[in-house]
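A look at the structure
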Amino acid sequence: EAGVVQSPRYKIIEKKQPVAFWCNPISGHNTLYWYRQNLGQGPELLIRYENEEAVDDSQLPKDRFSAERLKGVDSTLKIQPAELGDSAVYLCASSLGAGANEQFFGPGTRLTVL
Amino acid sequence: KNEVEQSPQNLTAQEGEFITINCSYSVGISALHWLQQHPGGGIVSLFMLSSGKKKHGRLIATINIQEKHSSLHITASHPRDSAVYICAVPSNAGNNRKLIWGLGTSLAVNP
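Read on for a plain summary of the structure. Note that the coordinates shown come from a computational prediction; the quantities given were computed from them, not determined experimentally.

This part is about the pairing of strand β3 (residues 19-24) of chain A. Residue and element names in this part refer to chain A. Of the two faces of β3, the one lined by Val-19, Phe-21 and Cys-23 is fully buried and the one lined by Ala-20, Trp-22 and Asn-24 carries no buried residue. Two elements, strand β1 (residues 5-7) and β3, share 3 bridges in a ladder whose sense is antiparallel. Note on β3: the bridge partner recorded for Gln-6 is Cys-23. In this structure, β3 lies alongside strand β8 (residues 75-79), joined through 5 bridges in antiparallel fashion. The residue bridging Val-19 from the neighbouring strand is Ile-79, located in β8.

Now the structure itself:
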C-alpha cells in the first residue's frame, strides 16, 4: 500500500515568490494534516481537514498561507508571498480519523527561502 | 514545563547496545505515539499504544498509564537506527485534536 505522497521533496525560492506543496494521503484516510517543522523543533500543526472541511486552521498564518482539499483527497498548501522565515520542512500526514488515530506522515517538503 | 517530556535529549551508543528512550506526559491521554524522524525530514510512525507493550522487530514500546510514562527500547542497535525519536500524545483540549510533541531524542549509533 502506498504511503502519504508529497511533492516536491525540495524547493528553493527567493523571498516574495509563491510556492505550493502537494499531498496525496493514504487511500481511505479522511483526515489530513499539514505541519511545519523548523530546525530542531517538533512539528507545528498548520491545518487539519476532515474530508474537504478545514476543521482546525487556527495556526495557519492566513495572510500568506492558504490550503485546499477540494474533493476530500489530495491537498495543496500555498504560500504567497514567501518570507525568509518560512524556510522549514512542510509535512503532510493522514489518518483514518482525528484524535487518537495513528497518523502516517509523508516524506516532507524542505523549503528554503533565499 | 512541557506537557510531553523526553529523555535523554541526545544519546550516543555503540552498535549492539540496548537503548532506552523515555517519555513522560502530564495530560490525560487515550493513546501515545512513538515516531522516528531521519535527517531529511520524513517521519515514520513506529507505534501507537494505549496500554501494555508492543513489539515490532527490534523495537519495543511500553506504556504505564497510571504513571504517565512510556519507554521505547531498541535491542541490538544498529547505525541505521540513528535518527530522532519523538513521543507525541493527542490533545483533546476543546475541539482541537492536535498532537502534543516531545522535543525528541537524537540517537546516534556508532559502528
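Here the focus is the sheet that holds β1 of chain A. Residues and elements named next belong to chain A. Read from one edge of the open sheet, 4 strands run β1-β3-β8-β7, paired in antiparallel fashion. Looking at the sheet topology across the chains shown, the edges are occupied by β1 and β7 (65-68). Each strand of the sheet is rotated relative to its neighbour by a mean of 15°, with strand direction disregarded.

Moving on, we come to the state of the cysteines. Tallying each qualifying case throughout the model produces 2 disulfides over all chains. Here Cys-23 of chain A connects covalently by a disulfide to Cys-92 of chain A, the sulfurs 1.9 Å from one another. On the sign convention where negative is left-handed, the bridge of Cys-23 of chain A and Cys-92 of chain A, at about -70° about the S-S bond, is left-handed. Here Cys-92 of chain A lies in strand β9 (residues 88-95) and Cys-23 of chain A lies in strand β3, a separation of 69 residues in the sequence. The pair formed by Cys-23 of chain A and Cys-92 of chain A is uniform in burial state, with each residue classed as buried. The disulfide partner of Cys-23 of chain B is Cys-87 of chain B, and the S-S distance across this bridge is 1.9 Å. With the S-S dihedral at roughly -60°, the linkage between Cys-23 of chain B and Cys-87 of chain B falls on the left-handed side. With Cys-23 of chain B in strand β3 (residues 19-25) and Cys-87 of chain B in strand β9 (residues 83-91), this residue pair connects regions lying 64 residues apart in the sequence.

Looking now at the pattern of salt bridges. All names here are of chain A. Applying the stated criterion across every chain yields a total of 6 salt bridges over all chains. A salt bridge links Glu-44 to Arg-36, with the nearest nitrogen and oxygen atoms 3.4 Å apart. For Glu-50, the salt bridge is made with Arg-48, and the minimal N-O distance between the two is 2.6 Å. In terms of burial, Glu-50 and Arg-48 fall into one category: buried. It is possible to trace a salt-bridge network through shared partners that takes in Arg-64, Glu-83 and Asp-86.

Residue and element names in this part refer to chain B. Of note, Gln-36 is situated in strand β4 (residues 32-37). A relative accessible area of 12% places Gln-36 in the buried class. Looking at Gln-36, its side chain comes within polar contact range of the side chain of His-38, at 3.4 Å. Excluding residues that lie within four positions of it along the chain, Gln-36 makes contacts with Gly-42, Ile-43, Val-44, Leu-46, Asp-81, Ala-83, Val-84 and Tyr-85.

For the rest of this paragraph, the subject is the pairing of strand β6 (residues 52-56) of chain B. In terms of burial, β6 of chain B is a largely surface element, 0 of the 5 residues being buried. The loop that links β6 of chain B with its antiparallel partner strand β7 (residues 59-64) of chain B comprises 2 residues; one of these, Gly-57 of chain B, has a positive phi angle of about 65°.

Across all of its chains, the model carries 6 aromatic pairs over all chains by this definition. Measuring from centroid to centroid gives 5.6 Å for Tyr-35 of chain A and Trp-101 of chain B, while their planes differ by 90°, and the two rings are edge-to-face. With one member in each of two chains, Tyr-35 of chain A in strand β4 (residues 31-37) and Trp-101 of chain B in strand β10 (residues 98-101) form a pair that bridges those chains. Owing to a relative accessible area of 1%, Tyr-35 of chain A belongs among the buried residues under this scheme. For Trp-101 of chain B, a relative accessible area of 11% puts it in the buried group. An aromatic cluster is built from Tyr-33, Tyr-35 and Phe-105 of chain A together with Trp-101 of chain B, whose rings are joined through pairwise contacts.

Okay, unusual backbone geometry next. Trans peptide bonds make up the majority, and among non-glycine residues the majority have a negative phi. In this structure, the amide linkage connecting Gln-80 of chain A to the following residue, Pro-81 of chain A, adopts the cis form with an omega of -5°. Residues Ser-7 of chain B and Pro-8 of chain B are joined by a peptide bond in cis, for which omega reads -5°. Examined against the element boundaries, Pro-8 of chain B turns out to sit in the loop between β1 (4-7) and β2 (10-14). The phi dihedral of Lys-16 of chain A falls on the positive side, at around 80°, and the residue is not glycine. A positive phi angle is found at Ala-76 of chain B, which is not glycine, with a value near 45°.

Calculation notes
Residues numbered from 1 in each chain as written. Chains lettered and ligands numbered in written order. Predicted model: local features only at pLDDT ≥ 70, side-chain atom pairs only at ≥ 80, totals over all residues. Heavy atoms only, no water. Buried < 20%, exposed > 50% of the residue type's maximum accessible area, 1.4 Å probe, protein only. Helix = DSSP H or I, 4+ residues; strand = E, 2+ residues; numbered from the N terminus. Pairing = 2+ DSSP bridges. Axes fitted to C-alpha atoms, helices over the stretch in contact; angles between N-to-C directions. Disulfide = S-S within 2.5 Å. Salt bridge = Lys/Arg side-chain N within 4 Å of Asp/Glu carboxyl O. Polar contact = N/O pair within 3.5 Å; in protein donor to acceptor, adjacent residues only side chain to side chain. Contact = heavy atoms within 4.5 Å. Phe/Tyr/Trp six-rings, centres within 6.5 Å; stacked < 30°, edge-to-face > 60°.

That's the geometry; what it means functionally is another story.
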